[in-house]
Amino acid sequence: MENNTLCNRHSLGVNNHTKMYVTYTRIYGWSDYGGESSYQPGYRLENMMWMTLLVYDYIIPGEKMELIWIRHLQTPGNEKRQYIGSTDEPLSEKTVEGFLKNPAEYSEVERVICSPMLRCIQTAELMFPGTERKTEPRLRECDFGQFEGKTYEELKSVPKYIAWLKSNGTITFPGGEEQSVFRRRSVEGAIEQIEWLIEKKVQRAAFVVHGGTIMAVFEQLAEEKKNFYDWQVDNG
């Protein structure tokens, strides 16, 4: 691997494949730059993290694809700071109205890869109207089980929640999805769709998914190792 192929701030890699495809990746609403977790016109284009996503083991000279990773816009549960995973709720009226009144400009893409959950589909329709969209079930959010729809304030004295916090969020949500299963299927779904985009010779695509999905994918694929929770992103 030649160093001059890695010109961005971070590198992401998967080593169990037979070849490498270089993609330039950016995450909109990157939380390290601050700002509230709400719709902010123009925020996404000015504040983003760039990195290089390496999907295979060797570089195909001259082949590059830009991917844009976006966490869906806010839902009513997000506005209340609830744990929203398997609940298939729509975007909030406030969010939709705000976006329509002052829509942010996004780079044009040839394809959109989307979680099948309503909040992601609605976000994709708002941001990339008329663009061909493909859903990937494995990119859906984690099922939070007994924590679903609850807030920190409602859970902070619950023994099972305290135990989950003490585990650094690594144990299974009570009645929910096992973390290792969620993270593995998120990565597998992302890789398969990137491979599909490569086959279609797509130059620029967007992934409209969930915060947990982005965290799972980037924790596993990042050459610079970071904790799952270090990859948190704001909505939209």
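Residues numbered from 1 in each chain as written. Predicted model: local features only at pLDDT ≥ 70, side-chain atom pairs only at ≥ 80, totals over all residues. Heavy atoms only, no water.

Caption draft 1: Up close: the environment of Gly 212. Checked against the element boundaries, Gly 212 lands in helix α8 (residues 211-221). Judged by relative accessible area, which is 8%, Gly 212 ranks as buried. In the structure, Gly 212 is positioned 16 residues away from Phe 228 in sequence and 8.7 Å away in space, judged by C-alpha atoms. Here Gly 212 is in contact with Glu 141, Phe 182 and Phe 228, once residues within four sequence places are set aside. (Helix = DSSP H or I, 4+ residues; strand = E, 2+ residues; numbered from the N terminus. Buried < 20%, exposed > 50% of the residue type's maximum accessible area, 1.4 Å probe, protein only. Contact = heavy atoms within 4.5 Å.)

Caption draft 2: Local environment of the side chain of Arg 185. With respect to the element layout, Arg 185 can be found in helix α7 (residues 179-199). A polar contact is formed between the side chain of Arg 185 and the backbone oxygen of Arg 138, at a distance of 2.9 Å. Among the polar contacts listed, one links the side chain of Arg 185 to the side chain of Glu 177, at a separation of 2.8 Å. When near neighbours in sequence (up to four residues on either side) are disregarded, Arg 185 contacts Pro 137, Arg 138, Leu 139, Arg 140, Glu 141, Cys 142 and Glu 177. (Polar contact = N/O pair within 3.5 Å; in protein donor to acceptor, adjacent residues only side chain to side chain.)

Caption draft 3: Inspection of the packing of aromatic side chains at higher detail. Applying the stated criterion across every chain yields a total of 15 aromatic pairs. Consider the rings of Tyr 83 and Trp 164, whose centres lie 6.2 Å apart with planes at 85°: the pair is edge-to-face. Placement of Tyr 83 in the loop between α2 (76-79) and α3 (93-101) and of Trp 164 in helix α6 (residues 159-166) is noted, with a sequence separation of 81 residues between them. With respect to burial, Tyr 83 and Trp 164 carry one shared label: buried. Arranged with centres 5.1 Å apart and planes meeting at 35°, the rings of Trp 164 and Phe 173 form a pair that is tilted. Within the aromatic cluster, the residues linked to one another by ring pairs are Tyr 83, Phe 144, Phe 147, Tyr 152, Tyr 161, Trp 164 and Phe 173. The ring of Phe 228 has Arg 183 sitting right over it, with the charged end atom 3.8 Å from the ring centre. The ring of Trp 231 has Lys 226 sitting right over it, with the charged end atom 4.8 Å from the ring centre. (Phe/Tyr/Trp six-rings, centres within 6.5 Å; stacked < 30°, edge-to-face > 60°. Lys NZ or Arg CZ within 6 Å of the ring centre and 35° of its normal.)

Caption draft 4: Representation of the pattern of salt bridges. A complete count under the given rule lists 7 salt bridges for this structure. Arg 138 is paired through a salt bridge with Glu 192; the nearest N and O atoms lie 2.9 Å apart. Of the two residues, Arg 138 is situated in the loop between β6 (133-135) and α5 (152-155) and Glu 192 in helix α7; the sequence distance between them amounts to 54 residues. One salt-bridge network, held together by shared partners, links Glu 136, Arg 138 and Glu 192. (Salt bridge = Lys/Arg side-chain N within 4 Å of Asp/Glu carboxyl O.)

Caption draft 5: Just the state of the cysteines, in detail. All told, the structure shown has 0 disulfides when counted by the stated rule. Just so you know, Cys 114 is unpaired, no disulfide at all, and the nearest cysteine sulfur is the one on Cys 120, 5.3 Å from it. Using a relative accessible area of 0% as the deciding quantity, one classes Cys 114 as buried. On the basis of relative accessibility, which here comes to 0%, the residue Cys 120 falls in the buried class. (Disulfide = S-S within 2.5 Å.)

Caption draft 6: Just the pairing of strand β5 (residues 111-114), in detail. The alternating pattern of β5 places Arg 111 and Ile 113 and Val 112 and Cys 114 on opposite faces, both of which are buried. The pairing of β5 with strand β7 (residues 204-209) spans 4 bridges and is classified as parallel. Bridge pairing links Val 112 to Ala 206 in β7. Here β5 runs beside β6; their pairing, made up of 3 bridges, is parallel. Bridged to Val 112 within β6 is Arg 133. The β-α-β motif built from β5, the intervening helix α4 (residues 118-127) and the parallel element β6 has right-handed crossover chirality. (Pairing = 2+ DSSP bridges. Right-handed = clockwise from strand over helix to strand, strands pointing away.)

By themselves these figures say nothing about function.
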